[in-house]
Amino acid sequence: MSEGLIIAVPDDFPSVFEGTPAHARCKQLGEVRLFTPRGAEDEAELIRRIGRARVAINIRAHARFTEGVFHACPRLEMVSIWGTGTDNIDLEAAGRHGVTVCNTPGTNAFAVAEHTIALMLALARGIPRIDREVRQGRWPRELLTQCLGRTLGVFGIGTIGSRVVELARALGMRVMAWSLRGDGERVTRLGATPASKEEILREADVVSLHLRLTPETRGFLGRKEFASMKPGALLVNTARGALTDREALLDALARKRIAGAALDVFHDEPLKPDDPLLGYDTVVLSPHNAGQTPEVIRDGLLRAVENIEAFLAGQPKDVVVAPLAGGGRRR
């Protein structure tokens, strides 16, 4: 155990960390200050919970590590993220304040890819609606959509997107893919067809998003993009809600510019009771739990603690941001 080391877990709501093997392993490193009540979305409360900690484990995206948080927590040297997303962290501010940020890429990839395919099939086959109608005593017999021979357009070919390509091809789908980095060779190796954004939107029967949320990808699908999609196209989003323009998506659904959407991520979470998305039979919803399996939680949390161990040993892994030259911490 490092003498005087404080590790804060300020945002374990809903709790996934408390009482796990990762929690026990973390206690071997130093004093762990764990907070399971809601409240980390408030900046002042997040600052209070981090306090004098040298390391923070970020569990939930509603905890936003802003310039103000880094400024108010001068002892903080590392943020270890459970998961891949970093859109809730001001990465530039972290670097300036001498904070190392690490994440756990790939730990939930297969689970999220499976959920993507499950949402696509549930939407294409209308399973949630059909199930509801059968329970109500009806016997719907309309024609369903077969995915064999259809075209799937995949935006983003990281670990998750690549696995989606593999699973979709196993279903007999033609797959077109777009790489943010322009890596057409990787797309080809996956057995997909490299394509531009415009080509995918024009030709795909299903569009699936697997991009990180950055200033460049925010609003990746807006009114122009929805207008260029097939009227019968389906959208699947298991990445980040803000990859789509919310009003443009609602308008596309209302005007039947697209045939439906399957969503695991949203602009505001949890959804409010009066959210318009709840009123569409052409929308399938899940509560941002695509990666929530026992295996993913166990392995991902342990990886987040392993990243702390590597940082303390002077050999940080899975680094998203390193301290900028000249950046430092006030003790």
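A. Quick peek at the pairing of strand E6 (residues 151-155). For E6, a buried count of 5 out of 5 residues is recorded, marking the element as mostly surrounded by other parts of the structure. Note that E6 and strand E7 (residues 174-178) share 5 bridges and pair parallel. Its bridge partner being in E7, Phe 155 is matched across the sheet by Trp 178. As for the winding sense of the linkage, the β-α-β connection from E6 through helix H7 (residues 159-170) to E7 is right-handed. Where E6 meets strand E9 (residues 206-209), 4 bridges bridge the pair, whose relative direction is parallel. The partner of Phe 155 across the bridge, within E9, is Leu 209.

B. Looking closely at the environment of Asn 307. Along the chain, the position of Asn 307 falls in helix H12 (residues 294-312). Residue classification places Asn 307 among the buried residues on the basis of a relative accessible area of 1%. Put simply, Asn 307 and Glu 203 are 104 residues apart on the chain and 42 Å apart in space, counted from C-alpha to C-alpha. Once residues lying within four places of it in the same chain are set aside, the contact partners of Asn 307 are Met 78, Ser 80, Cys 102, Asn 103, Thr 104, Lys 317 and Asp 318.

C. Molecular detail of the packing of helix H5 (residues 109-125) against helix H6 (residues 127-135). One way to put it is that H5 packs onto H6 with a least axis distance of 6 Å and a crossing angle of 55°. Classified by the angle between their axes, H5 and H6 sit oblique to one another. Here Leu 121, Ala 122 and Arg 125 of H5 come into contact with H6, specifically with Ile 127, Pro 128 and Ile 130.

D. Structural context of the layout of surface pockets. Approximately 470 Å³ is the volume found for the second largest pocket. Every residue lining the second largest pocket is counted, 25 residues in all, and those nearest its centre are Leu 123, Ala 124, Gly 126, Leu 234 and Ala 259. When residues of the lining of the second largest pocket are traced back to their parent elements, those giving at least two are H5, H6 and strand E12 (283-285). Residues belonging to the lining of the second largest pocket are distributed by class as follows: 14 nonpolar, 4 polar and 7 charged.

E. Here's a closer look at the sheet that holds strand E1 (residues 6-9). Here 6 strands make up an open sheet; going across it, the order is E2-E1-E3-E4-E5-E13 and the pairing mixed. Looking along the sheet, the strands with just one partner apiece sit at the ends: strand E2 (31-34) and strand E13 (319-321). Sheet twist, expressed as the average angle between the axes of neighbouring strands with direction ignored, equals 25°. Taken together, the 4 bridges between strand E3 (residues 55-58) and strand E4 (residues 78-81) define a ladder with parallel strand orientation. Its bridge partner being in E4, Ile 57 is matched across the sheet by Ser 80. On top of the sheet, H12 reaches E1, E3, E4 and strand E5 (100-102); it is set at about 155° to E4, its chief contact.

About the criteria used
Residues numbered from 1 in each chain as written. Predicted model: local features only at pLDDT ≥ 70, side-chain atom pairs only at ≥ 80, totals over all residues. Heavy atoms only, no water. Buried < 20%, exposed > 50% of the residue type's maximum accessible area, 1.4 Å probe, protein only. Helix = DSSP H or I, 4+ residues; strand = E, 2+ residues; numbered from the N terminus. Pairing = 2+ DSSP bridges. Right-handed = clockwise from strand over helix to strand, strands pointing away. Contact = heavy atoms within 4.5 Å. Axes fitted to C-alpha atoms, helices over the stretch in contact; angles between N-to-C directions. Parallel < 35°, antiparallel > 145°, perpendicular 65-115°, else oblique. 1 Å grid on protein atoms, 1.4 Å probe; cavity = no way out; pocket = protein on both sides within 12 Å on 5 of 7 lines; lining within 4 Å. Points joined across faces, edges and corners; volume = space filled by probe spheres on them. Nonpolar A, V, L, I, M, F, W, Y, C, P; charged D, E, K, R; others polar.

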